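A look at the structure
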Amino acid sequence: MQDLLRRYGIALTWLCIGLTFFWLVILVVLPNFTMLESSFRPYIAQSEIGGPLDFYSLGNYMKIFGNEVDFSFFGYDFKMPVRVKVFYLTIVYSALVTVITFVMSYPLAYYLAKIVSPKSLPTLFLLLFVPLWVSEILRSFAWWIILALKGPLNVILLWLGIIDTEIRWISGFSPVVVGLVYTYVLFMVFPLYNSMQSLDSNQIEAAEDLGSPWWRTHWRVILPHAKPGIASGAVMVFMLSAGSLLVPSLLGSTTSGWFTQTIQGIMMDGQDWNTGAAFAFMLLLVCTIFVSLMMRVFGVKLSDIAK
Amino acid sequence: MNQNRNILFHLYMGLFLVYLLVPLLVMGGAAFNASKLPTIIPWRGWTDEWFVALWNDNRIWIAFRNTILVAIAVVLIAVPIGTAAAILINSISGRVRAILYGMMVAPILIPGVVIGISTLLFWNYFSIGSGLHLSVLGQVSYIASFVMLLVLARLQSFDAGLEEAALDLGATHAQVMRRILLPHLYPAIGAGAAISFFQSIENFNVTLFTRGGADTLTVYVFSKVRSGITPTINALALLLIIFTLGLAIWYEISRRRRERIERAREDEGRRAEAAVLTS
């Protein structure tokens, strides 16, 4: 602080502080605080605000219960409120997407970090970056075309004789998972690559020279070293998936509700901003819990994740 | 054994690239198909009618203009904020730094839906209604984090002694900032501006909740896909892909050229040093 004053003088120091203050307080902290505050207030007419009906309660949060539907869990059937089910399935399928992207990315990151010759690396990266520069909506739209009932996938599978009749791909959660994996897989590849790249290749060779089979080398040498990358990739993919609205809306059907869609319905169709705030806060809470969990499990700090 | 394994890896890399790129090709190809629905099979012959339809679509032009205006506004606000925040956090240490850093990184991890709703509710408190101005503020709140991270990384390689020297030689504070610190940060600031621009163009979640009635490209495409789909969207997609690809390649080429120049300069410096030492 003193340092800043001495180098740039009072005016510029205050400018830096002012801009940072504007960002963190006006754009981040206060809006989130407002959201939290209004999530406890009822949704009432403008004229009644401040009146006897305007008091804090958990009413908005309770709206997640109600409208019970059938739900089966490992063979057990029971009733469950529809929004709780959507909330729960959003978390489960986001976690599934995270796991799938990790399995897909691990060999690729290892290949990029340790096997491929450094000369072809820039070209490969440029190719990998192409989809990243294409916006999310177009990437899920591409899968919408591919998975359509009369789309290329069905036509090719029919032609190959693998299937006899067209399959309705767009139903249930599988197209959503396919879309999310495709859209976010690179957010797993790059952190993994970054963390593996810093591993000294001599360590791998040493392990091999000492007779370690390849799987043990990965388990004991490479995976532990890649921990910060795994944490960072998992956090990014999970957050983006759970928070995605585009992919589930585009590739989902009536049988696949996503929690963001619930929020959108409440905010836009229902115009009930207070309940919307409550549900948005729940989503934020889940994401916060997931980040803390990842940081705890992999023993990394926030600064490692942000790399 | 090792050779075989490498072949498998090469194969996997190839398959992965196919997996990434084929959907984009399918989407682009459908823009030229004379079929009423966006698909490549069955192929009903080449046509440019979707590009003509796109050209004649007025709403898309408005959406395009809005997108660009929002992106420029985001760059103009997020870049100074991110740079200032990086300079500030670089000059402090200890617990305060850790807390501030956490607060600065957190917006990246907040779901866009939450940012959109919280921004909407907060400004509504002051009777400022929804519209693209709120989209700008919502987007800045997390895009500034990217700029901050980029500039902070660049600051690590900054030699603070240069500023000392300038101050000793009588430079004013503004001169130190403008002539010494900022030029060193320009590459990071440039990269930050580019990333801010693209992040803003691609943004959907924040914009959807804050936009009011205005369209941006992503929101417009979204509403199109939900209602009546014609391959016009594919034509737009293809143009966008070509545009972003062009920018990406241009950025990559200029980055490599800069790197080459810098390396050449360093080599020159080393040779000069060596010459001085040996003479």
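Moving on to a nonpolar patch on the surface. Taken together, the side chains of A:Ile156, A:Trp159, A:Leu160 and A:Ile162 define a hydrophobic patch exposed on the protein surface, amounting to about 500 Å² of accessible area. The residue A:Ile162 is located in the loop between α6 (152-160) and α7 (174-184) in this model.

Time to look at helix α5 (residues 136-147) of chain A. All names here are of chain A. The terminal C-alpha atoms of α5, which comprises twelve residues, lie 17 Å apart, in line with the 16 Å expected from a rise of 1.5 Å per residue. A large share of α5 lies buried, amounting to eleven of its twelve residues. For α5, the full list of buried residues reads Glu136, Ile137, Leu138, Arg139, Ser140, Phe141, Ala142, Trp143, Ile145, Ile146 and Leu147.

All right, on to the interface of chain A and chain B then. The interface of chain A with chain B comprises 91 residues on the first partner and 88 residues on the second. Taken over both partners, the interface formed by chain A and chain B buries close to 8,200 Å², and the fraction arising from carbon and sulfur atoms is 81%. Per-residue buried area on chain A facing chain B is highest for A:Arg7, A:Trp23 and A:Trp133; these three make up 10% of the total on that side. Viewed at the interface, chain B and chain A are joined by seven residue pairs in polar contact (both at pLDDT 80 or more). Of the residues forming the side of chain A that touches chain B, the biggest block, 24 residues, is contributed by helix α1 (residues 2-39) of chain A. Per-class residue counts for the side of chain A that touches chain B are 70 nonpolar, 15 polar and six charged.

Residue and element names in this part refer to chain B. With the rule as written, the count across this model stands at four salt bridges over all chains. The salt bridge partner of Arg270 is Asp267, with a shortest N-O separation of 2.8 Å. Taken as a pair, Arg270 and Asp267 lie in helix α11 (residues 232-278) at a separation of three residues, close to a single helical turn. Since its relative accessible area comes to 31%, Asp267 is described here as partly exposed. The structure contains a network of salt bridges with shared partners spanning Arg59, Arg211 and Asp215.

This paragraph deals with the nonpolar core. A:Trp23, A:Leu112 and B:Met148 are the most contacted members of the largest nonpolar core, which totals 179 residues. Per-element accounting of this core gives the leading share, 15 residues, to helix α3 (residues 58-90) of chain B.

What follows concerns the side chain of A:Asp272. Residues and elements named next belong to chain A. Assignment of secondary structure puts Asp272 in the loop between α13 (259-269) and α14 (273-298). Residue Asp272 is classed as buried on the basis of its relative accessible area, which comes to 10%. Among residues more than four places away in sequence, those in contact with Asp272 are Tyr43, Lys63, Ile266 and Met267.

With that out of the way, let us pick up the packing of helix α3 (residues 82-115) of chain A against helix α8 (residues 186-197) of chain A. Residue and element names in this part refer to chain A. Where α3 contacts α8, the axes come no closer than 8 Å and their chain directions differ by 45°. Classified by the angle their axes make, α3 and α8 are oblique. Crossing handedness for the pair α3 and α8: right-handed. Contacts from Thr98, Thr101, Phe102, Ser105, Tyr106, Leu108, Ala109, Tyr110, Leu112, Ala113 and Lys114 of α3 reach α8 at Met188, Val189, Leu192, Tyr193, Met196 and Gln197.

A word on unusual backbone geometry. Backbone geometry at B:Ser127 places phi at a positive 60°, although glycine is not the residue there. Counting through the fold element by element, B:Ser127 comes out in the loop between α5 (112-125) and α6 (132-155).

Bringing the packing of aromatic side chains into the picture now. Within this structure, the stated rule accounts for 30 aromatic pairs over all chains. With centroids separated by 6.3 Å and ring planes inclined at 50°, the aromatic side chains of A:Trp143 and B:Tyr19 adopt a geometry described as tilted. Of this pair, A:Trp143 sits in helix α5 while B:Tyr19 sits in helix α1 (residues 2-30), each in a different chain. By relative accessible area, which is 22% here, B:Tyr19 ends up partly exposed. Consider the rings of B:Phe32 and B:Trp46, whose centres lie 5.5 Å apart with planes at 50°: the pair is tilted. In this pair, B:Phe32 is assigned in the loop between α1 and α2 (49-55) and B:Trp46 in the loop between α1 and α2, connecting sequence segments 14 residues apart. Through pairs of rings, three or more aromatic residues link up here, namely A:Trp143, A:Tyr182, B:Tyr12, B:Phe16 and B:Tyr19.

All names here are of chain B. Note that Val79 resides in helix α3. Here Val79 falls in the buried class, since its relative accessible area comes to 11%. Between the C-alpha atoms of Val79 and Ile143, which are 64 residues apart in sequence, the distance is 8.7 Å. Residues contacting Val79, with those up to four places away along its chain left out, are Val74, Val147, Ile189, Gly192, Ala193 and Ser196.

Turning next to empty space enclosed by the protein. One pass over the full model with this rule turns up four cavities of 30 Å³ or more. Considering only enclosed or pocket space, the largest cavity measures out at about 200 Å³ in volume. For the largest cavity, the lining is made up of 18 residues, of which A:Ser135, B:Ile201, B:Leu217, B:Leu240 and B:Thr244 are closest to its centre. Elements represented by at least two residues in the lining of the largest cavity include exactly α5 of chain A together with α3, α8 (173-202), α10 (217-226) and α11 of chain B. With four residues, the single largest contributor to the lining of the largest cavity is α11(B). Of the residues contributing to the lining of the largest cavity, the split by class is 13 nonpolar, four polar and one charged. Estimated volume of the second largest cavity: approximately 60 Å³. Forming the boundary of the second largest cavity are A:Leu27, A:Val28, A:Pro31, A:Asn32, B:Pro107, B:Ile110, B:Ile115, B:Ser118, B:Thr119 and B:Ser141. For the lining of the second largest cavity, the leading source of residues is α1(A), giving four residues.

So, on to the side chain of B:Ser196. All names here are of chain B. Its location among the elements puts Ser196 in helix α8. Reaching out from Ser196, the side chain makes a polar contact with the backbone oxygen of Gly192 at a distance of 2.7 Å. With near-sequence residues (within four places) excluded, Ser196 lies in contact with Val74, Val75, Ala78, Val79, Ile143 and Val147.

The rules we used
Residues numbered from 1 in each chain as written. Chains lettered and ligands numbered in written order. Predicted model: local features only at pLDDT ≥ 70, side-chain atom pairs only at ≥ 80, totals over all residues. Heavy atoms only, no water. Patch = residues over 30% accessible without salt bridge, like charges linked within 9 Å, V, L, I, M, F, W, Y side chains within 5 Å. Areas by Shrake-Rupley, 256 points an atom, 1.4 Å probe, with all protein chains shown as cover. Salt bridge = Lys/Arg side-chain N within 4 Å of Asp/Glu carboxyl O. Helix = DSSP H or I, 4+ residues; strand = E, 2+ residues; numbered from the N terminus. Expected span 1.5 Å × (residues − 1). Buried < 20%, exposed > 50% of the residue type's maximum accessible area, 1.4 Å probe, protein only. Contact = heavy atoms within 4.5 Å. Buried area = accessible area lost by both parts, 1.4 Å probe. Polar contact = N/O pair within 3.5 Å; in protein donor to acceptor, adjacent residues only side chain to side chain. Nonpolar A, V, L, I, M, F, W, Y, C, P; charged D, E, K, R; others polar. Core = buried A, V, L, I, M, F, W, Y, C linked by side-chain atoms within 4.5 Å. Axes fitted to C-alpha atoms, helices over the stretch in contact; angles between N-to-C directions. Parallel < 35°, antiparallel > 145°, perpendicular 65-115°, else oblique. Left-handed = near helix turned anticlockwise from the far one by under 90°. Phe/Tyr/Trp six-rings, centres within 6.5 Å; stacked < 30°, edge-to-face > 60°. 1 Å grid on protein atoms, 1.4 Å probe; cavity = no way out; pocket = protein on both sides within 12 Å on 5 of 7 lines; lining within 4 Å. Points joined across faces, edges and corners; volume = space filled by probe spheres on them.

Keep in mind that these numbers describe shape and distance, not what the molecule does.
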